[in-house]
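# Structural characterization, general
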Amino acid sequence: MLKKTPSFKLAQLAVLSSALYISNIWANEPNANAPFEVMSEKVEVAQSLTEEVGENIAQLEAEYRAEEERKAELARLEAAVLKIQEIVGQNELQFKPAVAKIYLDNDYQKLWTDASAEKQFLREYAAIVVSGISRKAPKILEEISRTDPNSLAYDVLLTDAFLDYMYYSHNILKSAQQWLYTANAYRAKLPSEVQIAEWLAAFKSGEAFQFVKNLSSNNPLYLQTLERLAQMLPKDGKVQPVQYEEVEVVETVPAKSQPVSKGPSAGLTTTLYPGDVSQEVILLIRALKQRGYLKNHIDGQYYSEGVLAAVKDFQTKNGLAADGVVGANTRALLNGESRPQQKVTKVKKVVKTPQGDKVSTAQLYKLAINAQRLRVIPDFNDGIFVNIPSYQLQYYRDGNLVLQSRVIVGKDARRTPVMYSELSNVVVNPPWNTPARLVNEDIIPRARKDPSYLERRGYTILDKQGRAINPNSLDWSKIDPKKFPYRLRQRPGDSALGNYKFNMPSSDAIFLHDTPSRGLFNQKNRALSSGCVRVEKSDELATILLKEAGWSDSRKKNVLASKKTTSAPVKSHNPVYLYYVTAWVDNGTLHTLPDIYKYDVTPNLSHINWQTVNKYLL
């Protein structure tokens, strides 16, 4: 029910009061022979009040008409909602008031008169259904399929679904991390009034197909992957549910204590990486020499390439992964504690691959969800593209690949996010303002055991005013890692960021950077960082960008040698896409990658009618 507003009656009362007040001006004058000036003043006051009353009356009449028009419009919309519901019958609409207004304004004429636009939209919507993004989409597509395509009800259902699709298309880029990596996370909303108006204008001007097509993607990998998805669907719509089978897999697990390599205990306590400068490197070098893995001329605190080669040799001969990282297993062997690993056979449940020409929901889902992840990536023409599970960076300029590099991405516990940004500047010799999470979880526990660890690794403790704090002045036994009141900065030249940092706007403080731990790029699994992306060929990338900023090679070398932090703006347009795609089709070949973050787990798709999907996707 509409609320009645008292404004008009109150305004009438105000006008009446003004009129009475004017009357009183004359009635309260006792002297009829008052001076001319007094009489003139009263006339002016009366005229002014009369004009004000007239303006109030006009304003009130306008407000009254506007109120009546609003009531009438609301009544028309209420009637339109009832009529639209009558048209679609038992079918549900997501945006009933908006759809009702659209058809009311168009005299209930059909909007979907372009068959090619309709086909384009339904194909895209069917692909979304298979991707499992929206829990409601399968039912919506089914209702469309069951409705007479020649009826107005069919047209209305198309419009309601298209508003959903239009909102999805306009917001997928900024919401990719939420919608495309968690099943059924998407929630439909109404597009903006401007977007709806643009759509209706395009449909009325005969540009319906182009408008719908523009909402999709021109990425060739997306188009090819979508085509393969359509080809994989069985023509009879019979898709095999996800089935599991037990298989034997060989795993490495902690072993019982047993004798290890010859030599005294190395006394190692911390993890060492190639490029580290630490007192513990002295202990490492001594242990490797004692075991015959290293020649005597190598010495010092620097974890050099020569030390790396010896560590890898040691790891290989002792059954460890030759990654060059002196972690818990390598330390245990060098310390003479126990052989930390042994290979055992375990039985695990894995997704069963269908036999023959059968297709499972897992296969369809993996291709469908990755197609949606591809649609947010433009043509690989300009920019820096990092496909997170591939551990690769590709840099394109005008369609040409100018740089390809191995990268290190976030570990599973600290995942590199999917995001789009643009390079803003290059920092040479960057210090490292260590993230609070890393400080709390990794660094403080080590510093509590050995405060000298901070100095060895080049860390400075800073208070809120930016003043340096002596680590030996703190009582580390009383410091709670979760409430550490200081921040840590690693000095230029010794920082974990290496020689270069490539900044870009990011709400998660994500950026590209160099690293002193060069040996890690030789590992097969390079999900090792705390979220940022380490670039193996960072010097080549920096050279390209610094030259555009007017730097010569000699200037770059001099700045690097100085170890002074210097930044240079990025002069060219360099968008950065961090994305996560584990299955795609290129030139007829299906490519797959390991699902390192476990984003591809198949959700429950039992509510999908595969024959309906087949009808629109082909």
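Residues numbered from 1 in each chain as written. Predicted model: local features only at pLDDT ≥ 70, side-chain atom pairs only at ≥ 80, totals over all residues. Heavy atoms only, no water.

Inspection of every chain in the model, using the stated rule, returns 32 aromatic pairs. Relative to Tyr396, the ring of Phe380 has its centre 6.3 Å away and its plane inclined at 55°; by these criteria the two rings are tilted. In this pair, Phe380 is assigned in the loop between helix H13 (361–374) and strand S3 (383–387) and Tyr396 in strand S4 (residues 392–397), connecting sequence segments 16 residues apart. Here the two residues Phe380 and Tyr396 agree in accessibility, since each one is buried. Counting every residue linked through ring pairs, the aromatic cluster contains Trp112, Phe121, Tyr125, Phe162, Tyr165, Trp199, Phe203 and Phe211. Across the ring face of Phe511, the terminal group of Lys501 is positioned such that the distance to the ring centre comes to 4.4 Å. Over the aromatic face of Trp551 sits the side chain of Arg555, whose NZ or CZ is 4.2 Å from the ring centroid. (Phe/Tyr/Trp six-rings, centres within 6.5 Å; stacked < 30°, edge-to-face > 60°. Helix = DSSP H or I, 4+ residues; strand = E, 2+ residues; numbered from the N terminus. Buried < 20%, exposed > 50% of the residue type's maximum accessible area, 1.4 Å probe, protein only. Lys NZ or Arg CZ within 6 Å of the ring centre and 35° of its normal.)

A few words now on the packing of helix H4 (residues 115–131) against helix H9 (residues 220–232). The interhelical angle for the contact between H4 and H9, taken along N-to-C directions, is 75°, at an axis separation of 11 Å. On the basis of their axis angle, the class for H4 and H9 is roughly perpendicular. Seen from H4, the contacting residues are Arg123, Glu124, Ala127 and Val130; seen from H9, they are Tyr222, Leu226, Glu227, Leu229 and Ala230. Residue classes in the contact of H4 with H9 are distributed as six nonpolar, no polar and three charged. (Axes fitted to C-alpha atoms, helices over the stretch in contact; angles between N-to-C directions. Parallel < 35°, antiparallel > 145°, perpendicular 65-115°, else oblique. Contact = heavy atoms within 4.5 Å. Nonpolar A, V, L, I, M, F, W, Y, C, P; charged D, E, K, R; others polar.)

The residue Thr416 is located in the loop between strand S5 (400–410) and strand S6 (419–422) in this model. Between the C-alpha atom of Thr416 and that of Leu578, which follows or precedes it by 162 residues, the distance is 8.1 Å. Aside from chain neighbours lying at most four places away, what touches Thr416 is Ile388, Val409, Gly410, Gly531, Cys532, Val533, Leu578 and Tyr597.

Once that is clear, we can look at the sheet that holds strand S9 (residues 459–462). If you trace the four strands from one edge of the open sheet to the other, you get S8-S11-S9-S10, paired in antiparallel fashion. With one partner strand each, in any of the chains shown, strand S8 (432–433) and strand S10 (468–469) form the two edges of the open sheet. Both S8 and strand S11 (residues 487–490) contribute to a ladder of two bridges, which runs antiparallel. Bridge pairing in S11 links Asn433 to Arg489. (Pairing = 2+ DSSP bridges.)

Our focus in this paragraph is helix H3 (residues 96–105). Among all positions in H3, only Ala98, Val99, Ala100, Ile102, Tyr103 and Leu104 are buried. Looking one or two residues past H3, Asp107 carries a phi angle of roughly 55°, positive in sign.

So, about the side chain of Thr225. Checked against the element boundaries, Thr225 lands in helix H9. A polar side-chain atom of Thr225 sits 2.6 Å from the main-chain carbonyl oxygen of Leu221. If we skip the residues at most four places from it in the chain, Thr225 touches Leu367, Ala371, Leu374, Ala583, Trp584 and Val585. (Polar contact = N/O pair within 3.5 Å; in protein donor to acceptor, adjacent residues only side chain to side chain.)

Right, let's get into the pairing of strand S12 (residues 500–503). Of the two faces of S12, the one holding Tyr500 and Phe502 and the one holding Lys501 and Asn503 are both buried throughout. The pairing of strand S7 (residues 425–428) with S12 spans four bridges and is classified as antiparallel. The partner of Val426 across the bridge, within S12, is Phe502. Examined bridge by bridge, S12 and strand S13 (residues 512–513) share two bridges and lie antiparallel to one another. Among the inter-strand pairings, Lys501 is bridged to a residue of S13, identified as His513.

A separate point is unusual backbone geometry. Although it is not a glycine, Tyr108 adopts a positive phi angle of roughly 55°. Its location among the elements puts Tyr108 in the loop between H3 and H4. Taking relative accessible area as the criterion, Tyr108 reaches 18% and is therefore assigned buried. Positive phi, close to 50°, is recorded for Asp398, a residue that is not glycine. With respect to the helices and strands, the residue Asp398 is situated in the loop between S4 and S5.

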